[in-house]
Protein chains: 2
Amino acid sequence: MKIGLDMMGGDFAPASTVGGVLLAMQELNAHHTLVLIGDTRKFKPLLEKNNRVSREYELVHTTQSIEMGDNPAKAFAQKTDSSIAVGYRLLQQGKLDGFASAGSTGAMLVGAHYSVKTIEGIIRPAIATTLPSLDGQGNIILDIGINPDCRPDILYQYGILGSLYARHVCGFTNPRVGLLNIGAEETKGNLLTRSAYELMSGNKEFNFAGNVEGNDLFSNAKVDVVVADGFVGNVVLKEAETFFTIARKLGIQHDFIEKFNFENYGGTPILGINAPVVIGHGISNDVAIKNMILQTVYVIEAKLTERIKEAFK
Amino acid sequence: MKIGLDMMGGDFAPASTVGGVLLAMQELNAHHTLVLIGDTRKFKPLLEKNNRVSREYELVHTTQSIEMGDNPAKAFAQKTDSSIAVGYRLLQQGKLDGFASAGSTGAMLVGAHYSVKTIEGIIRPAIATTLPSLDGQGNIILDIGINPDCRPDILYQYGILGSLYARHVCGFTNPRVGLLNIGAEETKGNLLTRSAYELMSGNKEFNFAGNVEGNDLFSNAKVDVVVADGFVGNVVLKEAETFFTIARKLGIQHDFIEKFNFENYGGTPILGINAPVVIGHGISNDVAIKNMILQTVYVIEAKLTERIKEAFK
């Protein structure tokens with residue numbers, strides 16, 4: 001299995017990506033080959049300093065890089081020798097089984113859209129993350145930002161995508177899917193959620209557990225997967241990040257609060273496209289890069305893409 | 001000045017409302033007369049047990065009460081001798097200067113709509129609360145639930161309402177108003193926030209400070225007032241409440257975290273209607289009821305209703 005990694009992506013790259021590779025290799029085995037994509041002049045010396053022999057991984061040299069300030073669509077189209085563009089090309093050609101980057105989220109999404117493309121039948125792909133919970137495995141929440149203007153049928157599909165991701169990658173046996181709303185009753189909400197509720201209610205494609213509210217988050221009491229439009233999901237996630245920032249500023253130390261440190265999170269797969277792609281946080285540290293690599297492996301091994309295709313046939 | 005109080009409103013009424021009245025009277029003076037509306041057979045003995053003499057307040061006996069399970073519109077129309085219906089009637093007749101209740105939020109909103117009515121020129125009233133901040137006076141956020149389907153011009157008006165409330169009631173000298181969004185740039189967001197940004201940008205009616213994100217909440221670094229549609233505002237508030245619940249479960253004690261205990265909060269004025277009305281939390285305790293009474297006094301003394309009318313002339 002070949003896992004492509006953008007070595008230039010992330011605020012602390014390539015130091016963080018090299019660090020992440022070294023950590024990941026302790027957990028990977030002979031079946032896993034990392035394909036390191038980027039300016040080899042910049043990251044190879046760092047690997048060599050750590051006495052890594054080159055046969056453990058493959059190197060792909062690229063000469064350009066997409067910066068955070070770049071227009072994602074333009075940069076992806078014009079910088080054809082950037083690590084992100086090359087990664088997607090290799091993925092599309094079947095030379096990679098999955099691709100991960102902590103670089104420009106915009107360029108990663110554009111790349112997904114233009115190269116591997118959305119799975120037929122899926123209106124809009126989504127990205128998901130896990131919110132920690134006190135009483136279980138956490139809440140998978142999607143979408144967290146790709147699609148800020150949603151329709152009820154898109155939210156319905158998020159129910160399927162989130163459910164498959166929760167089951168096959170995150171280890172939930174029969175994930176309960178909730179619709180993020182502003183009241184428990186089915187008549188509550190805005191036009192979007194009221195219509196989405198109607199679509200979800202009684203469906204046979206996922207285990208719909210009804211509406212949840214902001215105070216049902218961070219708990220597996222009611223649901224495992226939380227469906228929201230990309231606007232609401234993004235606000236919820238950033239508010240959760242703020243809790244961690246506040247706790248840190250107050251000097252509060254607690255193992256559970258530490259789970260809100262999204263800097264350690266591996267990243268989010270783009271759910272609903274034709275190949276395994278994982279996007280990391282821009283501020284990823286070595287541990288986050290390692291987790292992003294491992295998450296890509298899990299998504300590939302779980303055959304998530306094939307399972308999603310099957311569901312939307 | 002006469003402040004009407006629904007003695008039957010709230011999960012712990014009338015014990016909590018009587019408790020709140022006793023606490024409030026320690027801070028009120030001869031200019032303030034509390035008008036206690038409800039089933040006097042139920043709450044008067046509690047007052048007497050505390051040796052309160054009746055000339056300190058006025059009693060209005062009512063025989064019906066609106067329950068949490070009632071349909072708000074029907075209950076308000078049919079239970080004409082309920083404490084909420086009577087309170088609004090007295091308010092409309094000018095016999096009260098303001099009215100407060102921790103009872104059915106739905107019935108309080110219906111009452112506002114049908115009796116004192118929305119100020120001319122205002123598309124939709126809003127309710128607001130304060131999120132605590134580490135570095136200042138906190139963030140006023142509106143709307144927190146009346147209006148889950150917003151238009152850009154409604155969000156624009158929330159900027160005016162929030163700004164007036166922050167300035168005249170909450171003590172901000174020149175409140176900066178932010179638009180809750182999913183990116184700092186003006187091109188970010190959904191259709192609603194992008195259009196709202198355009199309307200707000202360069203306006204002369206309030207001090208617009210641009211977009212803010214979920215991780216700008218709980219801070220006065222960028223803004224003092226946060227404008228959101230009622231769906232997003234409600235999710236944000238309930239997520240903040242959850243933060244407090246989690247901290248309590250973890251046994252984390254901290255003065256700042258205690259500020260997230262919304263049980264102590266007085267309530268929220270309905271901004272944009274023709275009289276001062278404050279809605280309390282259903283789970284209000286004595287302190288919350290006291291704070292709700294005092295907040296009603298502040299809203300009256302600040303002449304907030306008149307100032308809003310002036311702004312929308």
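(A) Seen up close, the sheet that holds strand β4 (residues 98-101) of chain A. Residue and element names in this part refer to chain A. Within the open sheet, the 11 strands sit side by side as β3-β2-β1-β4-β11-β10-β5-β6-β9-β7-β8. Their pairing is mixed. The open sheet has two edge strands with one neighbour each: β3 (57-61) and β8 (207-212). Ignoring strand direction, the axes of neighbouring strands in this sheet form an average angle of 25°.

(B) Summary view of the pattern of salt bridges. Residue and element names in this part refer to chain A. All told, the structure shown has 22 salt bridges over all chains when counted by the stated rule. Across the salt bridge formed by D224 and R176, the nearest N and O atoms sit 2.9 Å from each other. With a gap of 48 residues between them, D224 in the loop between β8 and β9 (225-227) and R176 in strand β7 (residues 176-180) connect regions that are remote in the sequence. The residue D216 makes a salt bridge to K222 at a minimum N-O spacing of 3.1 Å. Note on K222: relative accessible area 44%, which makes it partly exposed.

(C) Spotlight on the interface of chain A and chain B. Contacts between the two partners involve 34 residues from chain A, matched on the other side by 34 residues from chain B. Each partner contributes to the roughly 3300 Å² buried at the junction of chain A and chain B, and carbon and sulfur atoms together form 73% of this total. When the area that chain A buries against chain B is broken down by residue, the three leading residues are I182, F231 and E239 of chain A, summing to 20%. K238 of chain A is the salt-bridge partner of E213 of chain B, the closest N and O atoms lying 2.3 Å from each other. Counting across the chain A and chain B interface gives 10 residue pairs in polar contact (both at pLDDT 80 or more). Of all the secondary-structure elements, those providing two or more residues to the side of chain A that touches chain B are α7 (191-200), α8 (230-250) and α9 (255-258) of chain A. Looking at which element gives the most residues to the side of chain A that touches chain B, the answer is α8 of chain A, with 14 residues. A per-class count over the side of chain A that touches chain B returns 19 nonpolar, nine polar and six charged.

(D) Spotlight on the nonpolar core. Y88, L131 and F260 of chain A together with Y88, L131, L180 and F260 of chain B are the most contacted members of the largest nonpolar core, which totals 102 residues. Among the elements that take part in this core, α8 of chain A stands out by supplying 11 residues, more than any other. Ignoring sequence-local partners within four residues, the contact set of L131 of chain A consists of G138, N139, I141, L217, F218, V236, L237, A240 and F262 of chain A.

(E) How the structure looks around the packing of aromatic side chains. Tallied over the full model, the rule gives 18 aromatic pairs over all chains. Seen in terms of ring centroids, F243 of chain A and F218 of chain B are 5.8 Å apart; in terms of plane orientation they differ by 45°. Their pairing is tilted. Here F243 of chain A, found in helix α8, pairs with F218 of chain B, found in the loop between β8 (207-212) and β9 (225-227), and the two come from separate chains. Accessibility expressed as a relative area gives 1% for F243 of chain A, which makes it buried. A relative accessible area of 2% places F218 of chain B in the buried class. Residues F256 of chain B and F260 of chain B carry aromatic rings whose centres are separated by 5.6 Å and whose planes lie at 80° to one another, so their mutual orientation is edge-to-face. Taken as a pair, F256 of chain B and F260 of chain B share a single burial class, namely buried. By the ring-pair criterion, three or more aromatic residues cluster together here, those being F218, F243, F256 and F260 of chain A together with F218, F243, F256 and F260 of chain B.

Definitions and limits used
Residues numbered from 1 in each chain as written. Chains lettered and ligands numbered in written order. Predicted model: local features only at pLDDT ≥ 70, side-chain atom pairs only at ≥ 80, totals over all residues. Heavy atoms only, no water. Pairing = 2+ DSSP bridges. Helix = DSSP H or I, 4+ residues; strand = E, 2+ residues; numbered from the N terminus. Axes fitted to C-alpha atoms, helices over the stretch in contact; angles between N-to-C directions. Salt bridge = Lys/Arg side-chain N within 4 Å of Asp/Glu carboxyl O. Buried < 20%, exposed > 50% of the residue type's maximum accessible area, 1.4 Å probe, protein only. Contact = heavy atoms within 4.5 Å. Buried area = accessible area lost by both parts, 1.4 Å probe. Polar contact = N/O pair within 3.5 Å; in protein donor to acceptor, adjacent residues only side chain to side chain. Nonpolar A, V, L, I, M, F, W, Y, C, P; charged D, E, K, R; others polar. Core = buried A, V, L, I, M, F, W, Y, C linked by side-chain atoms within 4.5 Å. Phe/Tyr/Trp six-rings, centres within 6.5 Å; stacked < 30°, edge-to-face > 60°.

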